[in-house]
Amino acid sequence: MMNKGIPVWSLILMTLLLAASCTSDLTRSGQDNGPVVYPPPPDTTRIQYLTSISSSHDIAGQQSAFNRFLFGEVTPLAVIKPYGITVRNSRIYVCDTGIGGLIIIDLEQREMDLFVPEGEGRLMFPINCHVDEEGSLYIADGNRRQIVVFDNEGKFISAFGGPEGFKPTDVSVNKNKVFVTSVSSQRVLVYDRDSLSLLLSFPVAEAGDPEYLYQPVNIAVTDDEIFVSEMGDFKMKVFAHD
């Protein structure tokens, strides 16, 4: 169900898109019907707007009259309150707090499905997610105050964290480690991927130190570096693994 995909730049891309949506510099290049790019010429273009997705109609297209005659009117799936996003090959995983689950968009198959687990895996306020190389899905749930883990078929595996001093805002997996930003502890917490036991947390710093995290909200991890979006200090802070 879930495949290997893209790690870091999706975080940076989201940040730039949010900034672009608030500025008049997001303009059409060339003719009025030309592509929408940011930044505009003569600067080097970094982002091109392609499309927007608000319902399954935007993926699969409108229901044909013949299909409607045979099967009746099909109500399209809708995006309600999207927030965190991750990309894996042709699939886009969107945390939607409005449905208490995820929207999974398969661009290759032109399909859109809802992932709203029940039972032990029930989500309350999913805000960010990550899919590792084995296809396991990790979801940061702000109201459960846990990272909720599912296998590549969407079956509940485990949940870790807890209400005391832990409020996850994002999660990323690199090799055998799970990295979690916790806005309440103002640190990045690092867990062993197999045992889900806490290995360490960082940075060990005080307010005023350049590396201190006031409100860490998003994280992306490569083999070399750890990128943390710091809303409290209005910066992207970068850490080395060692």
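The structure this text deals with has already been given above.
These numbers come from a predicted model, not from an experiment. (Residues numbered from 1 in each chain as written. Predicted model: local features only at pLDDT ≥ 70, side-chain atom pairs only at ≥ 80, totals over all residues. Heavy atoms only, no water.)

A few points about the sheet that holds strand E17 (residues 225-230)
- The strand order E16-E17-E18 describes an open sheet built from three strands, whose pairing is antiparallel. One side of each edge strand has no neighbouring strand; the edge strands of this open sheet are strand E16 (216-221) and strand E18 (235-240). Neighbour to neighbour, the strand axes of the sheet diverge by 25° on average, direction disregarded.
- Relative to E18, E17 is paired through six bridges, and the arrangement is antiparallel. Along E18, the bridge assignment pairs Val 228 with Lys 237. (Pairing = 2+ DSSP bridges. Helix = DSSP H or I, 4+ residues; strand = E, 2+ residues; numbered from the N terminus. Axes fitted to C-alpha atoms, helices over the stretch in contact; angles between N-to-C directions.)

A few points about the sheet that holds strand E4 (residues 82-88)
- A sheet is described by the order of its strands in space; here four strands give the open sequence E4-E5-E6-E7, paired in antiparallel fashion. Of all strands in the sheet, those bounded by a partner on one side alone are E4 and strand E7 (111-115). Taken over all neighbouring pairs, the strand axes of this sheet differ in orientation by 20° on average, direction set aside.
- Strand direction decides the pairing type here: strand E5 (residues 91-96) and strand E6 (residues 101-106), joined by six bridges, are antiparallel. Each residue of the ladder has a partner; that of Val 94, found in E6, is Ile 103.

Some points on the nonpolar core
- Counting 14 residues, the largest nonpolar core has Tyr 138, Ile 147, Phe 160, Val 171, Val 178, Val 180 and Tyr 191 as the members making the most contacts within it.
- Of all the secondary structure elements, the ones that give two or more residues to this core are strand E9 (137-141), strand E10 (146-150), strand E12 (168-174), strand E13 (177-182) and strand E14 (187-192).
- In this structure Tyr 138 touches Asn 128, Cys 129, His 130, Asp 132, Ile 147, Val 148, Val 149, Val 171, Val 173, Val 178 and Arg 193, once residues within four positions along its chain are discounted.
- The next biggest cluster of nonpolar side chains, apart from the first, holds 12 residues, and it includes Tyr 93, Phe 115, Val 131 and Leu 137. (Core = buried A, V, L, I, M, F, W, Y, C linked by side-chain atoms within 4.5 Å. Buried < 20%, exposed > 50% of the residue type's maximum accessible area, 1.4 Å probe, protein only. Contact = heavy atoms within 4.5 Å.)

Brief notes about the packing of aromatic side chains
- Per the stated rule, a full pass over the model turns up five aromatic pairs.
- Centre to centre, the rings of Phe 202 and Phe 239 are 5.3 Å apart; their planes meet at 65°, and the pair counts as edge-to-face. Taken together, the residues span a long stretch of sequence, with Phe 202 in strand E15 (residues 198-202) and Phe 239 in strand E18 at a distance of 37 residues.
- On the numbers, 4.7 Å between centres and 75° between planes, the contact of Tyr 212 with Tyr 214 is edge-to-face. (Phe/Tyr/Trp six-rings, centres within 6.5 Å; stacked < 30°, edge-to-face > 60°.)

Regarding the pattern of salt bridges
- With the rule as written, the count across this model stands at eight salt bridges.
- With a shortest N-O distance of 3.8 Å, Arg 193 and Glu 134 are connected by a salt bridge. Linking Arg 193 in the loop between E14 and E15 with Glu 134 in the loop between strand E8 (126-131) and E9, this pair joins segments that are 59 residues apart in sequence.
- The exposure class assigned to Glu 134 is exposed, which follows from its relative accessible area of 53%.
- Across the pair Lys 155 and Glu 153 runs a salt bridge whose closest N-O atoms are separated by 3.5 Å. The residues Lys 155 and Glu 153 share a single accessibility class, namely exposed.
- Taken together, the shared-partner salt bridges connect Asp 132, Glu 133, Glu 134 and Arg 193 into one network. (Salt bridge = Lys/Arg side-chain N within 4 Å of Asp/Glu carboxyl O.)

Structural notes on the pairing of E10
- Across the five residues of E10, five count as buried, placing the element largely inside the fold.
- Of the two faces of E10, the one lined by Gln 146, Val 148 and Phe 150 and the one lined by Ile 147 and Val 149 are each fully buried.
- The pairing of E9 with E10 spans five bridges and is classified as antiparallel. Considered in E10, the bridge of Ala 140 is made with Ile 147.
- Once E9 ends, the chain turns through four residues before running back antiparallel as E10, passing Arg 145 with a positive phi of about 55°.
- Relative to strand E11 (residues 156-161), E10 runs antiparallel, the two sharing five bridges. By the bridge assignment for E11, Gln 146 is matched with Gly 161.

Coordinates in, geometry out; function isn't part of it.
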